[in-house]
Amino acid sequence: MNTESPRDPRPETLANLLHEQRRFAPPPGFAERANVTAAAYDQAAADREAFWAEQAGRLDWARRWDRVLDWSGAPFARWFEGGRLNVAYNCVDRHVEQGRGDRVAVHFEGEPGDTRTLTYAQLKEEVCRAANALTELGVRAGDRVAIYLPMIPEAVVAMLACARIGAPHSVVFAAFSPSALRSRIDDAEAKVLITADGYHRRGAPVDLKPNADAGVEGAESIRTVVVVRRTGRPVPWNDERDVWWHELTGRQPTEHTPEAFDAEHPLFILYTSGTTGRPKGILHTTGGYLTQVAYTHHAVFDLKPESDVYWCTADVGWVTGHSYIVYGPLANGATEVLYEGTPDTPHRGRFWEIVEKYRVTILYTAPTAIRMFMKWGEEIPAQFDLSSLRLIGSVGEPINPEAWIWYRQTIGGGNCPVVDTWWQTETGAIMISPLPGVSSTKPGSAMRPLPGISAEVVDDAGTPVPNGSGGLLVLDQPWPSMLRGIWGDPDRYRDTYWARFADQGYYFAGDGAKKDEDGDLWLLGRVDDIMLVSGHNISTTEVESALVSHPAVAEAAVIGAQDPTTGQRIVAFVILRADREGGAELVTELQGHVAREIGPIARPKQIYLVPELPKTRSGKIMRRLLQDAAESRALGDTTTLTDATVMERITGSLPGAE
Ligand code: 6R9
């Protein structure tokens with residue numbers, strides 16, 4: 001038993017453990033006005049490249065491409081070869097030139113309640129000043145700039161300014177440690193760091209500059225540190241190296257002529273959060289990336305730029321922030337909300353208060369947040385007017401069917417399409433998702449690849465599995481916003497994504513998935529997280545969803561711990577809903593519940609009731625750490641955790657909770 005690796009799931013045993021029969025058609029009236037209809041699938045299937053060429057036409061190109069796709073150097077793609085464009089021009093200037101300068105681009109809401117509104121005309125001035133400022137600092141096209149900023153408008157401005165001058169940015173989560181910042185600066189050899197004095201979080205100012213200083217100390221590539229004033233608290237200062245953002249940008253002209261860059265010019269590097277292994281610098285380029293983020297934002301969120309107010313609650317340090325706070329929405333001329341803080345400050349209704357205040361129509365958030373809101377109880381959102389919402393989305397992890405239903409009913413009022421969007425830092429943009437005006441959605445399923453995208457579920461040999469079976473998710477055709485490599489490491493790029501199915505030329509996403517009887521896709525989490533119990537492959541996602549379907553459970557994380565008799569045994573860490581009390585009786589009940597929902601083989605051997613779960617900043621559960629705890633090992637790398645102390649609280653609650 002122990003000789004079998006849990007990393008090689010045998011697809012037949014993954015199939016259809018949970019049975020979900022509910023279906024939700026688009027609400028009446030939605031389909032007729034939807035941006036994209038079912039015809040897009042046929043059009044893209046008839047000629048994929050022509051379809052993407054048409055979508056590229058949503059952008060303003062300084063020079064049209066000669067060729068849509070050059071895949072002759074696979075797995076290194078070149079999209080829109082010969083085309084030239086400027087990303088910042090497309091996200092800002094053209095809206096102003098076309099008479100939409102007075103439209104609000106960003107409604108900023110600070111955690112303490114301070115607000116700022118930036119119209120497209122104002123955003124253009126800020127971006128131009130920042131582009132001139134970076135140029136004054138000696139930043140040239142191709143130079144890398146590290147951005148270590150909280151959720152404030154300057155983060156958006158700084159990213160667009162880099163794009164404008166062709167300097168690839170590397171955004172690092174403000175909550176990451178100095179050592180995480182340092183390794184990213186070194187890997188990209190960034191010339192400038194843009195940071196802030198601090199930010200507001202959970203009702204208090206948090207200093208950032210000392211972390212930035214520790215991160216750049218001795219970093220040879222860094223020449224200048226630009227500091228945005230956010231909290232106004234005193235900061236340590238190095239006269240030779242540091243400069244205030246407001247002083248530097250304040251003296252710059254508000255005009256800047258954008259230069260058109262090659263479609264394959266590097267736009268940014270983003271290090272994957274690394275729930276496993278050493279972070280990888282994922283490289284994205286210009287034309288294909290912007291085409292796909294703009295198209296998917298239009299198609300999946302059904303954005304009507306004149307009337308919608310869009311809010312993506314992600315952090316800009318995550319790819320979701322890059323693609324669906326900055327580049328996609330702004331390329332489409334959206335009006336959006338940018339929120340600095342946490343959902344529970346000053347109270348647990350803060351998100352809903354913001355929805356009510358700005359009359360948000362489109363909300364994009366993560367399952368981790370949804371499960372937290374479930375835990376807090378539905379009386380909280382009930383105190384606010386959420387009737388402005390017309391579409392709600394989810395990203396980051398598989399969404400458990402019960403969380404999906406709760407989101408649809410409690411937040412969406414039962415009449416908003418729910419779009420569960422599957423994609424990765426590596427894919428750059430949404431790949432698998434319902435189309436809100438077309439799909440009859442199923443709670444927990446991301447449904448189908450979008451028009452122009454092709455995905456398959458295959459077995460270990462790379463053969464597509466029949467409907468009703470599970471296996472490994474692959475992408476079998478190149479797509480415009482695909483990563484162009486891992487920064488400085490082409491071999492690792494090939495090995496990580498393309499080696500597993502080299503014969504077929506498939507991109508291996510690292511996720512397990514199943515195709516149901518209709519051919520719709522259900523994502524089952526990372527293949528590394530799939531458990532092997534007495535010879536059966538069981539997905540952590542499905543056991544977690546079974547637990548979350550019990551009324552006492554708000555959130556669950558499941559891992560396979562080494563076991564002398566069964567190879568692995570299922571261990572669950574469970575957070576109860578606010579109004580529920582735990583105890584041995586409940587644990588037994590939950591074990592029985594899972595056995596009934598899935599089968600006796602999936603019955604967790606141990607269930608721990610815990611106060612919290614270890615998560616990355618993008619809300620992904622770090623199961624590796626729970627596995628360390630369950631197997632009584634020293635904890636592995638905790639640097640990407642939101643809160644490094646959470647594991648102490650979990651291990652503290654382990655004995656006796658069993
Ligand atoms: C955008 C983002 C990518 C991994 C991915 C998968 C998981 C994301 C999901 C989902 C199921 C969804 N994931 N969205 N799993 N359903 N709708 O999250 O990028 O941080 O790189 O993570 O997240 O496991 O492979 P990234």
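These numbers come from a predicted model, not from an experiment.

Here is what the cut-offs are and how they apply
- Residues numbered from 1 in each chain as written.
- Predicted model: local features only at pLDDT ≥ 70, side-chain atom pairs only at ≥ 80, totals over all residues.
- Heavy atoms only, no water.
- Near = heavy atom within 4 Å.
- Polar contact = N/O pair within 3.5 Å; in protein donor to acceptor, adjacent residues only side chain to side chain.
- Areas by Shrake-Rupley, 256 points an atom, 1.4 Å probe, with all protein chains shown as cover.
- Helix = DSSP H or I, 4+ residues; strand = E, 2+ residues; numbered from the N terminus.
- Nonpolar A, V, L, I, M, F, W, Y, C, P; charged D, E, K, R; others polar.
- Pairing = 2+ DSSP bridges.
- Axes fitted to C-alpha atoms, helices over the stretch in contact; angles between N-to-C directions.
- Contact = heavy atoms within 4.5 Å.
- UniProt positions renumbered as here; feature names shortened; annotations may be inferred.
- Buried < 20%, exposed > 50% of the residue type's maximum accessible area, 1.4 Å probe, protein only.

### A few points about the site of the ligand
Inference 1: For the ligand, the set of nearby residues contains 17 residues, the closest of which are Trp318, Asp420, Thr421, Thr425 and Asp511.
Inference 2: Trp318 has a polar side-chain atom sitting 2.8 Å from an oxygen atom of the ligand.
Inference 3: One of the side-chain nitrogen or oxygen atoms of Thr425 is found 2.5 Å away from an oxygen atom of the ligand.
Inference 4: Taking 530 Å² as the accessible area of the ligand by itself, protein coverage stands at 95%.
Inference 5: Going through the elements one at a time, helix 11 (319-331), strand 20 (418-421) and strand 25 (521-526) are the ones with two or more residues in the shell around the ligand.
Inference 6: Residues of the shell around the ligand, tallied by class, amount to seven nonpolar, five polar and five charged.

### Notes on the sheet that holds strand 16 (residues 310-312)
Strand pairing in a sheet relies on backbone hydrogen bonds, with the paired strands running either antiparallel or parallel.
Inference 1: A sheet is described by the order of its strands in space; here seven strands give the open sequence 5-4-17-16-18-19-20, paired in mixed fashion. Edge positions in the sheet fall to strand 5 (115-119) and strand 20, since each has one partner strand and no second. Taking each pair of neighbouring strands and ignoring which way they run, the sheet shows an average axis angle of 20°.
Inference 2: Contacting strand 18 (362-365), strand 19 (391-395) and strand 20, helix 15 (residues 401-411) crosses the sheet at an angle of about 150° to strand 19.

### Structural notes on the UniProt feature "modified residue: N6-acetyllysine" (unreviewed entry) in the protein
Inference 1: Feature annotation in UniProt places "modified residue: N6-acetyllysine" (unreviewed entry) on Lys620, given in this structure's numbering.
Inference 2: Within the secondary structure, Lys620 is located in the loop between strand 30 (606-609) and helix 19 (623-630).
Inference 3: Polar side-chain contacts of Lys620 include one of 2.7 Å to the backbone oxygen of Gly396.

### Some details on the environment of Met151
Inference 1: Relative to the helices and strands, Met151 resides in the loop between strand 6 (145-148) and helix 6 (153-165).
Inference 2: Between the C-alpha atoms of Met151 and Gly110, which are 41 residues apart in sequence, the distance is 8.5 Å.

### Topic: helix 12 (residues 350-358)
Inference 1: Within the span of helix 12, buried status applies to Arg350, Phe351, Trp352, Ile354, Val355 and Tyr358.
Inference 2: Among the residues trailing helix 12, Arg359 stands out with phi positive, at a value near 55°.

### Some thoughts on the sheet that holds strand 25
Inference 1: Within the open sheet, the four strands sit side by side as 21-22-24-25. Their pairing is antiparallel. Only two strands of the sheet have a single neighbouring strand rather than two, namely strand 21 (455-458) and strand 25. Within this sheet the neighbouring strands show an average axis-to-axis angle of 45°, counted without direction.
Inference 2: Alignment of strand 22 (residues 470-475) against strand 24 (residues 507-515), held across five bridges, turns out to be antiparallel. Residue pairing across strands places Leu475 opposite Tyr507, the latter belonging to strand 24.

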